[in-house]
Amino acid sequence: MNKSKMILGAIACLIASISWGAMFPVADHALEYIDPFYFSTIRYGAVSIALIILLWIKEGKKAFQLEGKGKLLIFFGVMAFTVYNVLVFLGQMLMGKSGVMVASIMEALMPMISIAILWGYKNVKPKKYMMISMVIAFVGAMFVITKGDMAFFLTLKNNIMPLAFILMGVVGWVIYTMGGHSFPEWSTLRYSTLTCVFGTAVTAILTMIGTMLGYVSVPSMGTIAVVKYDLLFMMVLPGIVALLCWNYGVKILSSINGILFINFVPITTLVIMMVQGYAITIFDIVGTLLVITALIRNNICQRQEVNKDIQFIQERQLRSAG
């Protein structure tokens, strides 16, 4: 694979991960005023409209043809824009202030979950260097979040239901990330747009049902005005920019390699919270270095593997020519 293209893929995944890391502190403020269902529906309703316009301009009417893949688009769209975006923020809201870091650190489980899914569902055993890199990155994220205090995890037993919501949401995003490989000939914009539209439509339907049953409160215009800047940020960076960057990066690097960058989500969240008053410790520094080391190590091993494959092919071609 072209070296510059791999670098672009890595940068795209990094931008997406940092954007998502910033969204949890922002969502913390918004969720004090608005329900997660309406928060997700309004946010991705606007994102869907923007993506539709972009797709229409760039690829035209033909890009909206489903080509017999409607069910897959709905499934993956629901995984990302209903299961992930509603349940993660619902769990975060139920946990209160601690939910910010818990929701963020759960993102670091994505590489492990992706390995489990590939191993169990497709019987694809991960390469040894991938496993080691993921473990290093996960340990680094744990250092940053817990600051070396394992008692942090003892406080989670009182929040089983919120944790279950967050975990289900994280699994949903892993499935969505893997789903992109079912559309190899589609552009990143096309896959992102159609899955976003279908997923948001399902979220909107569930929101209306929840409202009619009295489980979900309709936000007033005054409430929306209070969180308007939160919504604007969530639409632009964690919404449009992160979504397109993530799907583009994963398409280049593969889901198993691209998802390793998700470890920058909790790192970014913690950095923002430090700016808001948290003190930096040695665990923060060591943890961050571990995450960076894991990413660099994984990239080097991947390049060596690609170079070996290229060398093997070239040698076979030379033997055939001789």
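What counts, and where the lines are drawn
Residues numbered from 1 in each chain as written. Predicted model: local features only at pLDDT ≥ 70, side-chain atom pairs only at ≥ 80, totals over all residues. Heavy atoms only, no water. Helix = DSSP H or I, 4+ residues; strand = E, 2+ residues; numbered from the N terminus. Phe/Tyr/Trp six-rings, centres within 6.5 Å; stacked < 30°, edge-to-face > 60°. Buried < 20%, exposed > 50% of the residue type's maximum accessible area, 1.4 Å probe, protein only. Lys NZ or Arg CZ within 6 Å of the ring centre and 35° of its normal. Disulfide = S-S within 2.5 Å. Salt bridge = Lys/Arg side-chain N within 4 Å of Asp/Glu carboxyl O. Contact = heavy atoms within 4.5 Å. UniProt positions renumbered as here; feature names shortened; annotations may be inferred. Polar contact = N/O pair within 3.5 Å; in protein donor to acceptor, adjacent residues only side chain to side chain. Core = buried A, V, L, I, M, F, W, Y, C linked by side-chain atoms within 4.5 Å. Expected span 1.5 Å × (residues − 1). Axes fitted to C-alpha atoms, helices over the stretch in contact; angles between N-to-C directions. Parallel < 35°, antiparallel > 145°, perpendicular 65-115°, else oblique. Left-handed = near helix turned anticlockwise from the far one by under 90°. Nonpolar A, V, L, I, M, F, W, Y, C, P; charged D, E, K, R; others polar.

A. Layout of unusual backbone geometry. In this model, Glu67 sits at a positive phi of 55 degrees, which is unusual for a non-glycine residue. With respect to the helices and strands, the residue Glu67 is situated in the loop between α2 (36-59) and α3 (70-95).

B. Inspection of the packing of aromatic side chains at higher detail. Throughout the structure, instances matching the rule amount to 14 aromatic pairs. For the ring pair Trp173 and Tyr176, a centre distance of 5.0 Å and an interplane angle of 45 degrees mean the geometry is tilted. Of the two residues, Trp173 and Tyr176 are both situated in helix α7 (residues 160-179); the distance of three residues between them amounts to about one turn of the helix. Residue Tyr176 is classed as buried on the basis of its relative accessible area, which comes to 0%. Ring-pair connections join several aromatic residues into one group, and the members of that group are Trp20, Tyr44, Phe81, Tyr84, Trp173, Tyr176, Phe183, Trp186, Tyr191 and Trp246. Directly above the ring of Trp186 sits Arg190, whose terminal nitrogen or CZ lies 3.8 Å from the centroid.

C. Broad picture of the state of the cysteines. Tallied over the full model, the rule gives zero disulfides. The thiol sulfur of Cys196 is not disulfide-bonded, and the nearest other cysteine sulfur, from Cys245, lies at 15 Å. Exposure remark for Cys196: the relative accessible area of 0% places this residue in the buried category. The closest cysteine sulfur to the non-disulfide-bonded Cys301 is located on Cys13, 18 Å from its own sulfur.

D. Seen up close, the pattern of salt bridges. Enumeration according to the criterion identifies one salt bridge in this entry. Here Arg190 and Glu67 are joined by a salt bridge, their closest N and O atoms 3.1 Å apart. Taken as a pair, Arg190 in helix α8 (residues 188-212) and Glu67 in the loop between α2 and α3 lie far apart in primary sequence, 123 residues in all.

E. Seen up close, the environment of Phe143. By the secondary structure assignment, Phe143 is in helix α6 (residues 128-146). The class of Phe143 is partly exposed, set by a relative accessible area of 27%. The spatial distance from the C-alpha of Phe143 to the C-alpha of Ile282 is 9.2 Å, given a sequence separation of 139 residues. Beyond its immediate stretch of four places on either side in the chain, Phe143 contacts Gly148, Phe283, Val286, Gly287 and Leu290.

F. Structural view of the UniProt feature "domain: EamA" (unreviewed entry) in the protein chain. The sites that carry the UniProt feature "domain: EamA" (unreviewed entry) are, in the present numbering, residues 8-145 and 163-296. Secondary structure content for residues 8-145 is 81% helix and 0% strand, while the C-alpha to C-alpha distance between its ends is 29 Å.

G. How the structure looks around the side chain of Thr193. Tracing the backbone shows Thr193 in helix α8. By relative accessible area, Thr193 is classed as buried at 0%. In this structure the side chain of Thr193 is engaged in a polar contact, spanning 2.7 Å, whose partner is the backbone oxygen of Leu189.

H. View of the environment of Ala279. Mapped onto the secondary structure, Ala279 falls in the loop between α12 (264-275) and α13 (282-321). Along the sequence, Ala279 and Met110 sit 169 residues apart, while their C-alpha atoms lie 27 Å from each other. Those residues in contact with Ala279 that lie beyond four places of it in its chain are Lys147 and Asp284.

I. Highlighting the nonpolar core. In this structure, Trp20, Phe24, Phe39, Trp173, Tyr176 and Trp246 are the most contacted members of the largest nonpolar core, which totals 94 residues. Top contributing element to this core by residue count: α3, with 13 residues. Those residues within four positions of Tyr176 in sequence are excluded, and the remaining contacts are Phe76, Met79, Ala80, Phe81, Tyr191, Ser192, Thr195, Leu243 and Asn247.

J. Summary view of α12. Compared with an ideal rise of 1.5 Å per residue, which puts twelve residues at 16 Å, α12 spans 17 Å between its outermost C-alpha atoms and is within 8% of the ideal. Of all the twelve residues making up α12, nine are buried; the element is thus mostly covered by neighbouring parts of the structure. By the burial criterion, the buried members of α12 are Phe264, Val265, Pro266, Ile267, Thr268, Thr269, Leu270, Met273 and Met274. Within two residues after α12, Gly277 carries a phi angle of roughly 135 degrees, on the positive side.

K. Structural context of α8. Relative to the 36 Å expected for 25 residues at 1.5 Å per residue, α8 spans 36 Å between its end C-alpha atoms, a close match to the ideal helical length. Downstream of α8 by one or two residues, Gly214 has phi in the positive range, about 85 degrees.

L. Examining the packing of α2 against helix α10 (residues 228-253) more closely. Between α2 and α10, the least distance of the axes is 9 Å, while the angle of their chain directions is 55 degrees. Of the possible angle classes, the one that applies to α2 and α10 is oblique. Both α2 and α10 take part in a crossing whose hand is right-handed. Counting all contacts with α2, which are made through Phe39, Ile42, Arg43, Tyr44, Ala46, Val47, Ala50 and Leu51, the residues of α10 involved are Leu231, Met234, Met235, Pro238, Gly239, Ile240, Leu243 and Leu244. Residues belonging to the contact of α2 with α10 are distributed by class as follows: 14 nonpolar, one polar and one charged.

M. Looking closely at the environment of Ile11. For Ile11, the position within the fold is in helix α1 (residues 3-30). Ile11 sits in the partly exposed class, given a relative accessible area of 43%.

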